[in-house]
Amino acid sequence: MTIILLAMAVTTGLFLGMAVILLVAERHLVNYGTCQIIVNGGEQRFSVEGGGNLLAALLENNISIPASCGGKGMCGYCKVRVTAGGGALLPTETPFLSRRDIAIGTRLACQVKIRQDVSVNVPDFLDVISDMVRTGTFDKHAKWRFSIKGEEHEGF
Ligand code: FES
């Protein structure tokens, strides 16, 4: 029994160690350079250093996206439509997306890593909220962070 537990602990430790090494290597060895984010067909565009996530890039540029879990991939509210450059859909996103969502390129902005230029369609903030209320997915206990004309707010 002790040997089995020891083997499990060693295996888990090896996997965790490899995951940490990969994360550190990606952070320090991979340079994605400057990437363009093109919003709503060119209505707005800005440059960011690659390697971050799309949600952070949008919020930093005063584009409001609902995000009650703070970008941890747990609330499913940060849906945007990525039309180019979003990379592959992650397993962390699929529980929040319908087949139709996936077919039209809907992604969770917090799960999209910026590795190249990204074209994204951002829904109007109030459309997102009204859709959540309509479908019964609005969490009235969640904390919301949003910006209006560059001014940060938290609440709801
Ligand atoms: S911010 Fe909650 S899933 Fe993206």
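Right above here is the structure, for reference.
These numbers were taken from a predicted model, which means no experiment stands behind them.

Draft legend 1. Summary view of the environment of Gly70. Mapped onto the elements, Gly70 comes out in the loop between α2 (54–60) and β3 (79–84). Judged by local crowding, Gly70 falls into the exposed class, with 12 C-beta atoms found within 10 Å. Residues Gly70 and Leu55, 15 residues apart in the sequence, show an inter-C-alpha distance of 9.4 Å.

Draft legend 2. Representation of unusual backbone geometry within the structure. Positive phi, close to 50 degrees, is recorded for Asn40, a residue that is not glycine. Position of Asn40 relative to the elements: it lies in the loop between β1 (34–39) and β2 (44–49). At Asn62, a position not held by glycine, the phi torsion is positive, near 60 degrees. By secondary structure assignment, the location of Asn62 is in the loop between α2 and β3.

Draft legend 3. Focus on the environment of Val48. Inspection of the secondary structure assignment puts Val48 in strand β2. Separated by 15 residues in sequence, Val48 and Gly33 have C-alpha atoms that sit 8.5 Å apart. With near-sequence residues (within four places) excluded, Val48 lies in contact with Cys35, Ile37, Ala57 and Ile114.

Draft legend 4. The arrangement of the nonpolar core in detail. Counting 20 residues, the largest nonpolar core has Leu54, Leu55, Leu58, Ile65, Cys78 and Ala109 as the members making the most contacts within it. Among the elements of the structure, α2, β3 and β5 (118–121) are those that each provide at least two residues to this core. The biggest single contributor to this core is α2, with five residues.

Draft legend 5. Highlighting the sheet that holds β2. The five strands lie next to each other as β2-β1-β5-β3-β4, forming an open sheet whose pairing is mixed. With one partner strand each, in any of the chains shown, β2 and β4 (106–108) form the two edges of the open sheet. Between one strand axis and the next, the sheet turns through 40 degrees on average, direction left out of account.

Draft legend 6. Structural view of the pairing of β3. Of the pairings in the sheet, the one linking β3 to β4 comprises three bridges and is antiparallel in character. Across the sheet, the residue bridging to Lys79 is Leu108, located in β4. In terms of strand pairing, β3 meets β5 through three bridges, oriented antiparallel. Note that in β5 the partner of Ala84 across the bridge is Ser119.

Draft legend 7. Spatial organisation of the environment of Cys69. Residue placement: Cys69 occurs in the loop between α2 and β3. Judged by C-beta crowding, with 16 C-beta atoms within 10 Å, Cys69 ranks as partly exposed. For the pair Cys69 and Cys110, spaced 41 residues apart in sequence, the C-alpha to C-alpha distance is 9.8 Å. Residues within four places of Cys69 in sequence aside, it is in contact with Met74 and Cys75.

Thresholds applied
Residues numbered from 1 in each chain as written. Predicted model: local features only at pLDDT ≥ 70, side-chain atom pairs only at ≥ 80, totals over all residues. Helix = DSSP H or I, 4+ residues; strand = E, 2+ residues; numbered from the N terminus. Buried ≥ 20, exposed ≤ 12 C-beta atoms within 10 Å, placed from the backbone. Contact = placed C-beta atoms within 7 Å. Core = buried A, V, L, I, M, F, W, Y, C linked by C-beta atoms within 7 Å. Pairing = 2+ DSSP bridges. Axes fitted to C-alpha atoms, helices over the stretch in contact; angles between N-to-C directions.

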